[in-house]
Amino acid sequence: MKRLISIFIVLILSFSGLVAQPVIDPELEVDMQRLGNEEKTKVVILLSEQSDAMALLRKADYFTSRQEKRQFVIETLKRQAEITQNELIGLLNEMERNGMVDEIQQFWLVNCVSCKANKAAINDLAQHRDIMTIYHCQETQWIFENEATPAPRGNGREITENLLQVNAPQAWEQGYMGAGVLIAVIDTGIRLDHADLAGRLWDGGVDYPHHGYDFYYHDNDPSDDWGHGTHVAGTICGTGTSGSQTGIAPEATIMALKTFNSDGVGEETHWVAAMQFALEHGADLMNMSLGRPQPNAAQKLMTRQACDNTLAAGVVVAACAGNIRQMQFMVPVPNNIYTPGDCPPPHLHEDQLVNAGGTSCVICVGAVNYNNTIASFSSEGPSQWTDVTAYDDYPYTAGSTTEIGLIRPDICAPGVQIKSLDFNTTDGYTLMDGTSMATPLVAGTIALMLSKNHELTPAQIDEILERTAVKLTEHKSNDFGSGLLDALAAVNAVDYDGVEEIQNEAQVYPNPSMGDFTVVGEEIHRVSVFSVEGKLLKTIEMNGNKCRIEDLTNGVYLLKIDTENGVIVNKIVKL
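Residues numbered from 1 in each chain as written. Predicted model: local features only at pLDDT ≥ 70, side-chain atom pairs only at ≥ 80, totals over all residues. Heavy atoms only, no water.

**Observations regarding the overall build of the protein**
Point 1. Scanning the protein from N- to C-terminus turns up 14 helices and 27 strands.
Point 2. For the protein, whose C-alpha radius of gyration is 23 Å, the value lies close to the compact-globule estimate of 25 Å for 575 residues.
Point 3. Taking the principal axes of its C-alpha atoms as reference, the protein extends roughly 70 × 65 × 50 Å.
Point 4. When burial is assessed residue by residue, the protein has 60% of its 575 residues classed as buried.
Point 5. About 21,600 Å² of surface is accessible on the protein, with carbon and sulfur atoms providing 48% of the total. (Helix = DSSP H or I, 4+ residues; strand = E, 2+ residues; numbered from the N terminus. Rg over C-alpha atoms; globule rule 2.2 N^0.38 Å. Buried < 20%, exposed > 50% of the residue type's maximum accessible area, 1.4 Å probe, protein only. Areas by Shrake-Rupley, 256 points an atom, 1.4 Å probe, with all protein chains shown as cover.)

**Some words on a nonpolar patch on the surface**
Point 1. Side chains of Tyr62, Phe63, Met514 and Leu575 sit close together on the surface and give an oily, nonpolar patch of about 420 Å² of accessible area.
Point 2. In this fold, phenylalanine 63 is placed in the loop between α3 (53–60) and α4 (66–97). (Patch = residues over 30% accessible without salt bridge, like charges linked within 9 Å, V, L, I, M, F, W, Y side chains within 5 Å. Salt bridge = Lys/Arg side-chain N within 4 Å of Asp/Glu carboxyl O.)

**What to know about the sheet that holds strand β22 (residues 516–520)**
Point 1. Strand order in the open sheet formed by 3 strands is β21-β22-β25, with antiparallel pairing between adjacent strands. Strands at the two margins of the open sheet, each flanked by one partner only, are β21 (507–509) and β25 (546–548). Each adjacent strand pair in this sheet contributes to an overall mean axis angle of 25°, direction not counted.
Point 2. Here β21 pairs with β22 via 3 bridges, running antiparallel. (Pairing = 2+ DSSP bridges. Axes fitted to C-alpha atoms, helices over the stretch in contact; angles between N-to-C directions.)

**Topic: the confidence of the model for the protein**
Close inspection of predicted coordinates is inappropriate in any region flagged by low pLDDT.
Point 1. On average, residues of the protein score 91 in pLDDT, and 94% of them reach the 70 mark or higher.
Point 2. Throughout residues 497–504 the model reports pLDDT below 50, and contacts reaching past four residues in sequence, or to other chains, amount to 19 contacts. (pLDDT = per-residue confidence, 0-100. Contact = heavy atoms within 4.5 Å.)

**Looking at the packing of α3 against helix α10 (residues 297–312)**
Two quantities define a packed helix pair, namely the angle between the helix axes and the distance between the axes.
Point 1. Where α3 meets α10, the closest approach of the two axes is 8 Å, and the angle between their N-to-C directions is 10°. Comparing the axis directions of α3 and α10 gives the class roughly parallel. Residues Ala53, Met54, Leu56, Leu57 and Ala60 of α3 touch α10, and the partners they reach there are Asp308, Asn309, Leu311 and Ala312.
Point 2. Looking at side-chain class alone, the contact of α3 with α10 contains 7 nonpolar, 1 polar and 1 charged residues. (Parallel < 35°, antiparallel > 145°, perpendicular 65-115°, else oblique. Nonpolar A, V, L, I, M, F, W, Y, C, P; charged D, E, K, R; others polar.)

**Description of the packing of helix α11 (residues 435–452) against helix α12 (residues 458–468)**
Point 1. With their axes 11 Å apart at the nearest point, α11 and α12 run at an angle of 115° to one another. Considering their axes alone, α11 and α12 lie roughly perpendicular with respect to each other. Considering only the axes of α11 and α12, their crossing is right-handed. Facing Val442, Thr445, Ile446, Met449 and Leu450 of α11, the residues of α12 in contact are Ile461, Ile464 and Leu465.
Point 2. Split by residue class, the contact of α11 with α12 holds 7 nonpolar, 1 polar and no charged. (Left-handed = near helix turned anticlockwise from the far one by under 90°.)

**What about the packing of aromatic side chains?**
Point 1. One pass over the full model with this rule turns up 10 aromatic pairs.
Point 2. Ring centres of tyrosine 213 and phenylalanine 277 lie 6.4 Å apart, and the angle between their planes is 20°; on these two criteria the pair is classed as stacked. Placement of the pair is tyrosine 213 in strand β9 (residues 212–214) and phenylalanine 277 in helix α9 (residues 268–280), with a sequence separation of 64 residues.
Point 3. Taking relative accessible area as the criterion, tyrosine 213 reaches 18% and is therefore assigned buried. (Phe/Tyr/Trp six-rings, centres within 6.5 Å; stacked < 30°, edge-to-face > 60°.)

**Remarks on α9**
Point 1. For α9, built from 13 residues, the straight-helix expectation of 18 Å at 1.5 Å per residue is met to within 8% by its first-to-last C-alpha distance of 18 Å.
Point 2. Among the 13 residues in α9, 12 count as buried, and that is most of the element.
Point 3. Phi for glycine 282, located one or two positions after α9, is positive at around 85°. (Expected span 1.5 Å × (residues − 1).)

**Observations regarding the pattern of salt bridges**
Point 1. Summed over the entire model, instances satisfying the criterion amount to 27 salt bridges.
Point 2. Put simply, aspartate 31 and arginine 34 hold a salt bridge, and the shortest N to O gap is 2.7 Å. Here the residue aspartate 31 and the residue arginine 34 both occupy positions in helix α2 (residues 26–34), the gap between them amounting to 3 residues, near one helical turn.
Point 3. Between arginine 292 and glutamate 268 there is a salt bridge whose closest N-O contact spans 2.7 Å. Here glutamate 268 lies in helix α9 and arginine 292 lies in the loop between β13 (285–288) and α10, a separation of 24 residues in the sequence. Of the two residues examined, arginine 292 and glutamate 268, each falls in the buried class.

**Here's the deal with the nonpolar core**
Point 1. Among the nonpolar cores identified, the biggest contains 68 residues, and Ile186, Leu257, Trp271, Met275 and Met286 are the most heavily contacted of them.
Point 2. When residues in this core are grouped by element, the largest group, 8 residues, is from α9.
Point 3. Discounting chain neighbours no more than four positions away, the residues touching tryptophan 271 are Trp142, Ile186, Thr259, Phe260, Met288, Leu290 and Thr303.
Point 4. By size, the runner-up hydrophobic cluster in this structure holds 59 residues, among which are Ile248, Val365, Ala443 and Met449. (Core = buried A, V, L, I, M, F, W, Y, C linked by side-chain atoms within 4.5 Å.)

**Some points on the pairing of strand β15 (residues 362–368)**
Point 1. Among the 7 residues that make up β15, 7 are buried, leaving the element largely enclosed by the rest of the structure.
Point 2. Burial of the side chains of β15 extends over both faces: Val362, Cys364, Gly366 and Val368 are buried on one face and Ile363, Val365 and Ala367 on the other.
Point 3. Direction of pairing for strand β14 (residues 316–320) relative to β15: parallel, over a ladder of 4 bridges. Each bridged residue has a counterpart across the sheet, and for alanine 319 the counterpart in β15 is cysteine 364.
Point 4. As paired elements, β15 and strand β16 (residues 411–414) share 4 bridges and run parallel to each other. Along β16, the bridge assignment pairs glycine 366 with cysteine 412.

Below, the structure is given as structure tokens:
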């Protein structure tokens, strides 16, 4: 009986309506042509049953705490993987005994399996009824070479310029410095003995004595041999012990998850495994200053499924937009944003509702100079998802006022000549440029917010950051997003029990609702109800303050509330 219930849950949480597509990805077919009969290549096998993250999110909303929601999602995803991968793993084990495959690895954040396989194995697997796609898992450059310039130590009182630009010291004066918040830094590793990180690294106990894990070399030592991850970690929580205060959340804790080698090379399975680890070991948020330009449809599906399910688990990710703005001749819009930065945000801005789609855990971060102009390298949005059959949202047509794609980034932060920690020494500093350097400022600000209210949802976090940002354009743009990060304003917008001004511009109650709800606010004209995928379901002209939704099925819906003073976006749960 228990197994039947588990199977029922899996069916409820699965994609439906997938359009047929080649099981062997075209790029893998090309790779297979060069292989000898016994030679193996790394592949990812995506199963047909993939979690419907929106259904999972709706179910998770019934739990009270973030921890309960997370545990429910993790257990559900693991059970789905266990049930649906069982037959495939049996087949792969037999193939391994016959020398056709090796290095089998299972995943649950995305329902997939990776392995090295020869041509005969790939062709046999392609006939399996439960497999959606098999694609080539090729190592690529995720973190690009970044010139680092040594920087002098401060005098013990220096606060770096990027922290001043986003009002970090004023946020600290409110009493919030990231205490009690665990941030997973998925990167090149960290210089674990840097003085400015002393006391700020995760205690992994006897199982993980070096504060994290190395998913590239598969060992317990996530030490940085590149420099990028140490710099990122320093911007999050560098304490200033060696003379310069570089960290925006100096009381936060870092979990070091190394996913790339000393050249910034790796594959998506490494950081998906790192995301799983972070979720299982209690990370409150993740920083992913990394990205793949121009992934194929299968790689995009893998990425977005991981980010969708991370959202369902209640965890937010700060991800960089990318550094290829000046390479539009090779990587033009709508492909100029790195993956996973091209995934949707947890909260849909009102300017996005003309072309709304699904949501995920990703807050995408662009970079500005110290004079608040766009950094010359900061990648330009929008992105689009019409090339991925399972999603087929955010269509983009150049010049269209409706098919505007997915506006990227969501927010921007200083990313030019950023001073942070040097991995070559235990007490040095260095300067780097990049959206990678802007992203940890946003991650650290999220830590400040969570240290004030640990129960904030990803959607609330995103909404606060975007609504409190310093506007650099009239509308959310594909250069600056909603504007420049303002750490002080973001912290002040967080209430101990929720979101003060952001949600209370229009009060919606009861929420959840059994069939009707009340909207209270000034000069409300109409309420439009959208599905979480962005489809307009009904428009209610307001003659009073009651809205009826008894005709809608149970679930989560977006509300667009038109008022005399503008548009308010909110959410309602129908029971």
